[in-house]
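Fold and geometry: a report
Single-letter residue listing:
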Amino acid sequence: MTEKDHKKDLLRYLQDARDALLWKLDGLSEYDVRRPLTTTGTNLLGLVKHVTGVELGYLCDTFDRPHSEPLPDFKGDEEPNADMFATADESREEIVERYRRAWALADATVDALALDAAGTVPWWPKERAAVTLHHVLVRVVSDTQRHAGQADILREGLDGAAGCLRANDNLPSHDPQWWEEYRARLELIARQADAEG
């Protein structure tokens, strides 16, 4: 494989995760995309806001690639988790469009630099802040896929909507009866294992 092929492969997996994150917002109310769905406050729109900062930080700031997108200031007086939720005055459209701009800037970095291009992660300890584009690109793909998985679970818990990608949900069935029987079978297996353990 050539370097161009490696970049294309990594960007395809990153784009799949980006698309999945945005897909999980479709059809939901403002309340449902913003409300905390875990004890730590994880919410769908906050995940999108977070990965926006991840892409801008790792794939722009790390390589001195300028951008004018606003990012939370974690060193100042701002809330420590400011990148994990949308404020009441931030619209869904604003956050989604910022994310799309961030990924265009990130993709431009990947296109412009070699995978072994050196960068410095400004918020990491000095002794490990030196990185390559390949290193941070793998990190961003991993982080975004992780958050897309969180979004899958959050969305399924909200309204039952499930699946991997809009074009290929990757589900074995769309029959509610099949899922009810499958879930009942798993419950029985769990109870049997617990009784034997």
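Just above sits the structure.
Described in the following lines is the structure provided in the data block. (Residues numbered from 1 in each chain as written. Predicted model: local features only at pLDDT ≥ 70, side-chain atom pairs only at ≥ 80, totals over all residues. Heavy atoms only, no water.)

Some remarks on the overall build of the protein chain
Convention followed: Secondary structure elements are defined from DSSP: runs of H or I of at least 4 residues count as helices, runs of E of at least 2 residues count as strands, and each element is numbered from the N terminus. Each residue's exposure class comes from its accessible area (1.4 Å probe, protein chains only) as a fraction of the maximum for that residue type: buried when under 20%, exposed when over 50%, partly exposed otherwise. Two residues qualify as a contact provided that any one of their heavy atoms is within 4.5 Å of a heavy atom in the partner residue.
Of regular secondary structure, the protein chain possesses 6 helices and 2 strands. Written out in order from the N terminus, the α and β elements of the protein chain read α-α-α-α-β-β-α-α. Dimensions of the protein chain, computed from the C-alpha atoms along their principal axes, are close to 55 × 45 × 35 Å. When burial is assessed residue by residue, the protein chain has 37% of its 197 residues classed as buried. Taking the intrachain contacts of the protein chain between residues at least 6 apart in sequence as the baseline, contacts between residues at least 24 apart amount to 71%.

What to know about the environment of Gly-163
Considering the arrangement of structural elements, one finds Gly-163 in the loop between α5 (133-159) and α6 (176-196). Considering only alpha carbons, one finds Gly-163 and Asp-175, 12 residues apart in sequence, at a separation of 14 Å. Ignoring sequence-local partners within four residues, the contact set of Gly-163 consists of Trp-23, Lys-24, Asp-152, Asp-169 and Leu-171.

Concerning the packing of aromatic side chains
What counts, and what does not: Only Phe, Tyr and Trp rings are paired, with Trp represented by its six-membered ring, and only when their centres lie within 6.5 Å; those with planes under 30 degrees apart are stacked, over 60 edge-to-face, the remainder tilted.
In total, this model carries 6 aromatic pairs according to the counting rule given. Geometrically, the ring pair formed by Trp-178 and Trp-179 is edge-to-face, given 4.6 Å between the ring centres and 85° between the ring planes. Trp-178 sits in the partly exposed class, given a relative accessible area of 31%. Centre to centre, the rings of Trp-179 and Tyr-182 are 5.6 Å apart; their planes meet at 90°, and the pair counts as edge-to-face. Separated by 3 residues within a single helix, Trp-179 and Tyr-182 lie in helix α6, roughly one turn from each other. Taking the relative accessible area as the measure of exposure, Tyr-182 reaches 30% and is therefore partly exposed. Among the aromatic residues, those joined into a ring-pair cluster are Tyr-58, Trp-123 and Trp-124.

Observations concerning the packing of helix α3 (residues 44-59) against α5
Note the threshold: Geometry is summarised by axes, namely lines fitted to C-alpha atoms with helices restricted to the contacting stretch, and by angles between N-to-C directions that run from 0 to 180 degrees. Throughout, the term roughly parallel applies to angles under 35 degrees, roughly antiparallel to angles over 145, roughly perpendicular to angles from 65 to 115, and oblique to all others.
It is at 10 Å that the axes of α3 and α5 come closest, and there the two elements cross at 175°. It follows from the interaxial angle that α3 and α5 lie roughly antiparallel. On the side of α3, the interface is formed by Leu-44, Leu-47, His-50, Val-51, Val-54, Glu-55, Tyr-58 and Leu-59, while α5 contributes Leu-133, Val-136, Leu-137, Arg-139, Val-140, Asp-143, Thr-144, His-147, Gln-150, Ala-151, Leu-154 and Leu-158.

Fair warning: the whole summary comes from geometry, so function is off the table for now.
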